Amino acid sequence: MNNLDASEPNMGGMTANAAGVDGTGAGGAADAGHAGADNAGVGHADVSRATNAAGSARPTILDVRDLNVTIGGHAVLKRVSLHVDAGERVGLIGASGSGKSMLVKAVTGLLPRTARVDGSLNIGGKRVDTMDDAELADLRGRYVGLVFQNPGAALNPVLTVEQQVCLPLRLHYDLDADERHDRAMTMLERVGLPPRLAGAYPHELSGGQQQRVGIATALITSPRLIIADEPTTALDAIVQRSIIDLLVSLVESAGASMLFITHDFAVLSRATTRCVVIDGGRVVETGGTEDLLRNPGEPATRALVRAAKLLTLGTGVGAGVDMDGTARMGANRERHHG
Amino acid sequence: MASSRNRRGRSQETGRPTSSGQSEAIVPSADTRLSELSGDAEHPGATRLPADVGHPANTAGSRHVGPVRHLSRGGFYGRLPLHVRQGIILRGMWGRPAGRFALIVMALWLVVSAVSLVWTPYPLLHTDGDDAWASPSAAHPLGTDGVGADVLSWLMAGSRTDLAVAVLTVLVSAAIGLALTAAMVSTRRMLASASVVVVDALIAIPTVLLALLFAVPFGTSIAVVVAACGITYGLNMARILRPTAALAARSAYVEAARASGVGPWRVFVRHIVPSTFPVLAVQLSMSAGTSILAEAGLTYLGVGVPSGVPSWGHSLTTSVRLISVYPLTVLWPGLVVTLVVTALYLLGDAIRDCADPLANPELRRVEVGRSGPADRGEEAES
Amino acid sequence: MRYLIRRLVLFVAALLGLSLLVFVTLRILPGDVASVMAGTNATPARVAALRSQMGLDRSYPQQYADWLSGLMHGNMGVSAISGRSVSSQVGSHAAITMPLIVLSLIVALGVGVPLGCQAVLAANSRVRGVLHILAIVGGAVPALWGGLLLIMLFGRGVGLVGILPSQGFPDAGWRNPVAALASLILPAIATGLVAGGAIMRYTRACLISMEDSDAVAMAMACGMSRRQAMLGVGLRLSAAQLVSVAGLTFAQMVTGVMVVESLFNLPGLGAMLIGDVGNRDLVAVQSELFLLAAFFLLLGVLVDMLHHALDPRLGEQSEERG
């Protein structure tokens, strides 16, 4: 069975042997099958090697620079910059109203038509902010996978689980029904759903099961970038852990990158290695997740860490953080003012 | 503010078809309504709660009367004094082009009706046989009809009749609609089920058939039009109000009231009905508009306003015979009706956008009772 | 399945209630029906004969039972005025009205739904604004006026571009389908455009309410363009509500249909019913009115069932939501 190749942001049809669902490692031997792509080893020759803050040689999958988004005269994102390198799992954390979801929408082209956007957005080296909807639609679901906060509302109620999961396949690839079925069933298995649920409708599933379907849908095309918009916020605590672990393991085994949005530091510490703190539409702090948990700098960060501790009963990570802000700066951490 | 307009529109719209099928409101389910209340406050315009809001002591000395309700998307809604609220609502409506148009047309309509009580260019019964089917001229700005009566005078007088029809229909349909809604959300299961059955069963009956039915024993009159329209639109209204009312009936607030022994009627009027106001406003204005269209049609068919009584339907009916004689005169009565009905529909939309505290931030942004500089006068900060 | 049964039971109950309503209302006539119908110059014997012929000398419950049993045998009574059996008239008139209604509905849906979608999806905001206005104004036009304007524009012999017949229905009826159809075009447009305005408004409102929904966002996230997602998912998910609305618009369209029948001089059910009401032809009115109302009740049931079938939240929940 051929694997799907989502390794190029702008490919046309189906190609063979990409790092795929069955996990052939980070940026594995990807034969893109279209002119000009050099896919030996890690990374891809024509992916832009824009400078990234960590200074590593890994390509940048998502590069946001000075993004400003205004809706109805109200600035919801102000000069936001962040980046996600290949294989990285980055968290975006902020309180309600801080602009997290706006960023997701801006990146994927889901903002309302009335929104004003400026700044630069790069996905997989391609300039995305100048793309029109058709080009963005090609990226979505193939190169970028999106997991939603409320699967009960996001899943199409008239589609069965299998139909939903196959949707990205139908939209982007030319497979026949059997192939689609096989891939769907494989995917269901990988997210931990029993095969008998393939014919079920969303309203017949529990919240956790619905989210697994959402994850399966997002990942079935082996996207290079997975954006999870508060995927566990609507779920109960026990289910949260298993969903987070599922996401992390799927992303790791596919060698993909993830941007994980949440308001809960406890979740981030499980899911990400680095995170970006956003408040009032601005990035206020970035750094390693563990680092920030131990020594939060900015007031917004401190508040979030405090809240996480309150909820997780202060066990383990970061106990003993200084509440009045006399935190020490760790390596690789930046504070942003203004 | 375009995107917030979309959001606003969405939160108020009703889930069921309306009387004439002319409403544009469709409600997302009750769940979405809830998420509007408790969802993320990334919606522009959400106010930041001051740190100490909500503490009971802080509302002492505020200008609010009655209970203060907190909206988790920011701000809170306390009942401002009526005149303040009305001022905010009216100003909001005037500020929009559609609202302004609607208000102007309404005002004109009222003025013309009042004026026609005492004066019209020609007395209605004045007929100038020589001058029948005349084209517009200085003497008769809109021409004359088949018996030489002045079209303009009859149109002006007709505005009275249609105003009466609209107002009466609104009253009757509101009464029937609210009564049925009360029955449908009642705690007595038999009553609730029975009323749902009645509404679902009868809702498909067209207005005109009811009018014809009533016309046989009672003859043709305004009462027949009002009765037929009132019943049809009332049934529609009940169906549309039901989701909103049911949601309110399940709220903790109402349960507490019921538990503390407040009578069912009071519970309904004081607690459930207010939550339906935005939907009600739209529906009532729809009813008003459609009743005028119905009057025109029914009068033409002979089962509406009796032929001696001036009405827009009458003017339209007489103009039918004008087609071959003076085509352009046909324009006026139809134009008047279209304008007024459009204005009524727009009025409903404007009220919905401006009078619902969830949709209109102005009604929410009130200062918490703090003494001193916070005690500004009349207006909530805008 | 349970829903189906429940709905049908409801339908039968409503039919009975309706028949009772019609029966009782028509008996509220002040004065004596028979003498009114016989005329002022009738002899008492004539009046008495009429009375017994119409069955008015029997008790009310008896009359009701007679009527109902007659209906079930397809006997709608004999018109006391024309002497003809009511059922024979209904057939020929219905052959005009029913196709007219169907055509009007096609126009209404064919204009209303696409334009309503465009009012939300068009790229140019000015176009969207114009369509919005069109939706509001379109639904505010009285059918009478609309019909008049159409006649003035397109009516053969009268209008600017006189290409379509505007009066009467060919005697040959449907044996000459082209001519018959041609005479229904202008009337159907007159009624359909007005109802189309309402449907346009509803469609637009439905789509707007879905614009920010998670389901559409997820469809886009899977790879659909905005337009695809709005039409494929947004419209599909609001189809249930739209169907209900269309059903009700249909019911309201009836006034327009009757007006238009009169305006365009089509001898349809409207003309028949109005004539009989004017003549106080009790027997005819009773059955005709009941049948027409029953037709719309049936339609309501069908629409409800369609709504139920389309509603993705199958089961009890959808009834909860109203």
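Residues numbered from 1 in each chain as written. Chains lettered and ligands numbered in written order. Predicted model: local features only at pLDDT ≥ 70, side-chain atom pairs only at ≥ 80, totals over all residues. Heavy atoms only, no water.

The name an unreviewed UniProt entry assigns to chain A is Peptides ABC transporter ATP-binding protein, from the organism Bifidobacterium thermophilum. Quoted straight from UniProt, the Subcellular location (unreviewed entry) entry for chain A says "Cell membrane". (UniProt positions renumbered as here; feature names shortened; annotations may be inferred.)

J.: When you look at the overall build of chain B in this model, what are you seeing that I'm missing?
T.: Within chain B, the secondary structure is distributed over 13 helices and two strands. Carbon and sulfur atoms make up 65% of the accessible area of chain B, which amounts to about 15,300 Å² in all. (Helix = DSSP H or I, 4+ residues; strand = E, 2+ residues; numbered from the N terminus. Areas by Shrake-Rupley, 256 points an atom, 1.4 Å probe, with all protein chains shown as cover.)

J.: Teacher, can you tell me more about the pairing of strand 6 (residues 144–147) of chain A here?
T.: On a regular strand, each side chain points to the face opposite its neighbour's, so the side chains alternate between the two faces of the sheet. Residue and element names in this part refer to chain A. The side-chain alternation of strand 6 yields two buried faces, one formed by V144 and L146 and the other by G145 and V147. Of the pairings in the sheet, the one linking strand 6 to strand 7 (residues 225–229) comprises four bridges and is parallel in character. Each residue of the ladder has a partner; that of V147, found in strand 7, is A228. (Buried < 20%, exposed > 50% of the residue type's maximum accessible area, 1.4 Å probe, protein only. Pairing = 2+ DSSP bridges.)

J.: Before we go on, may I ask you to explain the sheet that holds strand 1 (residues 60–71) of chain A in this structure?
T.: Two orientations exist for strands paired in a sheet by backbone hydrogen bonds: parallel and antiparallel. All names here are of chain A. The sheet built from four strands is open, its strands ordered 2-1-4-5 with antiparallel pairing. With one partner strand each, in any of the chains shown, strand 2 (74–85) and strand 5 (126–127) form the two edges of the open sheet. Note: strand 4 (residues 116–123) against strand 5, two bridges, orientation antiparallel. Note that in strand 5 the partner of N122 across the bridge is R127. The strands touched by helix 1 (residues 100–108) are strand 1, strand 2 and strand 4; relative to strand 1, the strand with the most contacts, the crossing angle is about 110°. (Contact = heavy atoms within 4.5 Å. Axes fitted to C-alpha atoms, helices over the stretch in contact; angles between N-to-C directions.)

J.: Quick question: what am I supposed to make of helix 9 (residues 214–222) of chain C here?
T.: Note on helix geometry: an α-helix contains 3.6 residues per turn, so any two residues three or four positions apart are oriented the same way. All names here are of chain C. Within helix 9, eight of the nine residues are buried, which leaves it mostly tucked inside the rest of the structure. Restricting attention to buried positions, one finds in helix 9 the residues A215, V216, A217, M218, A219, M220, A221 and C222. Downstream of helix 9 by one or two residues, G223 has phi in the positive range, about 130°.

J.: What's the story with the UniProt feature "domain: ABC transporter" (unreviewed entry) in chain A in this structure? I'm lost.
T.: Feature annotation in UniProt places "domain: ABC transporter" (unreviewed entry) on residues 62–305 of chain A, given in this structure's numbering. As annotated, residues 62–305 of chain A comprises 40% helix and 27% strand, and the C-alpha atoms at either end are separated by 26 Å.

J.: Just checking my understanding: could you explain the confidence of the model for chain B for this structure?
T.: The predicted coordinates should not be examined in detail at positions where pLDDT is low. Residues and elements named next belong to chain B. Here chain B averages 72 in pLDDT, and 66% of its residues register 70 or above. Ignoring residues within four places in sequence, the model shows residues 1–63, a span with pLDDT below 50, making 164 contacts including any to other chains. Confidence drops under a pLDDT of 50 for residues 367–382, and excluding neighbours within four residues, the segment shows 30 contacts in the predicted structure. (pLDDT = per-residue confidence, 0-100.)

J.: Just checking my understanding: could you explain unusual backbone geometry for this structure?
T.: Working note: non-glycine residues mostly have negative phi, and peptide bonds are mostly trans. Residues and elements named next belong to chain A. Phi at D66 is positive, roughly 50°, even though this residue is not glycine. Looking at where D66 falls in the secondary structure, it is placed in strand 1. Positive phi, normally seen in glycine, also occurs at R79, with a value near 45°. By the element assignment, R79 lies in strand 2. Residue R79 is classed as exposed on the basis of its relative accessible area, which comes to 57%.

J.: It is not clear to me how the packing of aromatic side chains should be interpreted in this structure. Could you clarify?
T.: Each aromatic ring pair is specified by the distance between its two centres and by the angle formed by the two planes. Applying the stated rule across the entire model yields six aromatic pairs over all chains. Between W109 of chain B and W312 of chain B, the aromatic rings sit 5.7 Å apart at their centres with planes inclined by 25°, giving stacked as the arrangement. In this pair, W109 of chain B is assigned in helix 4 (residues 97–118) and W312 of chain B in helix 12 (residues 312–320), connecting sequence segments 203 residues apart. This pair shows no difference in class: W109 of chain B is buried, exactly as W312 of chain B is. A centroid spacing of 6.3 Å and a plane angle of 20° characterise the contact between F23 of chain C and W67 of chain C, whose relative ring orientation is stacked. Placement of the pair is F23 of chain C in helix 1 (residues 2–26) and W67 of chain C in helix 4 (residues 60–72), with a sequence separation of 44 residues. (Phe/Tyr/Trp six-rings, centres within 6.5 Å; stacked < 30°, edge-to-face > 60°.)

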